[in-house]
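Report on the structure
Spelled out from the first residue to the last, the chains are:
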Amino acid sequence: MTLALDDASDGELVALARRGVQAAYRVLAERHREAVYRLVRSATGDADEAMDITQETLIAAFGALDRFDTARPFRAWIARIALNKARDWGRRRAVRRLFSLGMPDHVGHSIPDEAVGADRTAEDRERLTRVAAAIATLPARLKEALLLRTIEDMSQAEVAATLGVSEKTVETRLYRARQKLNEALREDGPRRV
């Protein structure tokens with residue numbers, strides 16, 4: 001039965017999962033877990049948190065399967081959930097950071113340093129870190145379009161469907177995101193994103 005499930009479309013797997021076939025959940029999770037993780041890791045910049053957010057995304061998606069519209073791609077639907085979970089994480093992190101600013105000085109000694117370690121001094125690693133940091137500074141609407149198009153390799157139409165905007169809006173957001181990245185990385189030299 002697993003072989004047949006592996007060959008099933010996402011829509012067929014959703015229908016089976018809705019009927020209580022546990023193996024269908026497993027196949028859906030295996031099929032989409034890596035893409036969700038990549039998207040969340042890119043959106044948050046934190047590999048450890050991305051693992052937790054990926055779990056939260058899968059749990060939320062499976063809990064909401066009854067609301068999934070089988071006429072839409074499952075990949076776009078779960079990517080939307082992942083981006084929402086990443087946004088929630090970002091808001092919680094901003095609130096924690098705000099509260100930590102009001103803490104007494106001695107409490108700050110136990111807060112881990114998030115600076116890049118000395119083992120990441122290779123030129124390629126440094127560039128990757130700079131690009132990731134530049135992406136993290138983009139406004140959410142630009143960052144999401146860029147991540148879905150470049151990291152997840154979605155078509156412009158898929159990105160538009162995932163974000164609930166027009167393809168022209170996606171095109172504009174991608175253009176602006178690339179412009180902002182090039183400005184941020186300008187001191188890197190003539191190479192462009």
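Look a little higher up for the structure.
Here is a short report on the structure shown in this document. (Residues numbered from 1 in each chain as written. Predicted model: local features only at pLDDT ≥ 70, side-chain atom pairs only at ≥ 80, totals over all residues. Heavy atoms only, no water.)

**Regarding the nonpolar core**
- In this structure, Phe-74, Trp-77 and Leu-148 are the most contacted members of the largest nonpolar core, which totals 49 residues.
- Taken together, the elements giving at least two residues each to this core come down to α2 (10-18), α3 (22-44), α4 (47-63), α5 (74-101), α6 (123-136), α7 (140-151), α8 (156-163) and α9 (167-184).
- Sequence-distant contacts of Leu-148, defined by excluding residues within four places in its chain, comprise Leu-39, Ala-79, Leu-83, Asp-153, Met-154, Val-159, Thr-162 and Leu-163. (Core = buried A, V, L, I, M, F, W, Y, C linked by side-chain atoms within 4.5 Å. Buried < 20%, exposed > 50% of the residue type's maximum accessible area, 1.4 Å probe, protein only. Helix = DSSP H or I, 4+ residues; strand = E, 2+ residues; numbered from the N terminus. Contact = heavy atoms within 4.5 Å.)

**Things to note about the side chain of Thr-57**
- With respect to the secondary-structure elements, Thr-57 resides in helix α4.
- Residues in contact with Thr-57, not counting those within four places in the same chain, are Val-36, Ile-78, Ile-81, Ala-82 and Lys-85.

**Examining the environment of Thr-150**
- Structurally, Thr-150 can be placed in helix α7.
- Sequence separation of Thr-150 and Leu-174 is 24 residues, and the distance between their C-alpha atoms is 9.7 Å.
- Within the structure, the side chain of Thr-150 is placed 2.6 Å from the backbone oxygen of Leu-146, a separation counted as a polar contact. (Polar contact = N/O pair within 3.5 Å; in protein donor to acceptor, adjacent residues only side chain to side chain.)

Note that all results are geometric; they support no functional claim without further evidence.
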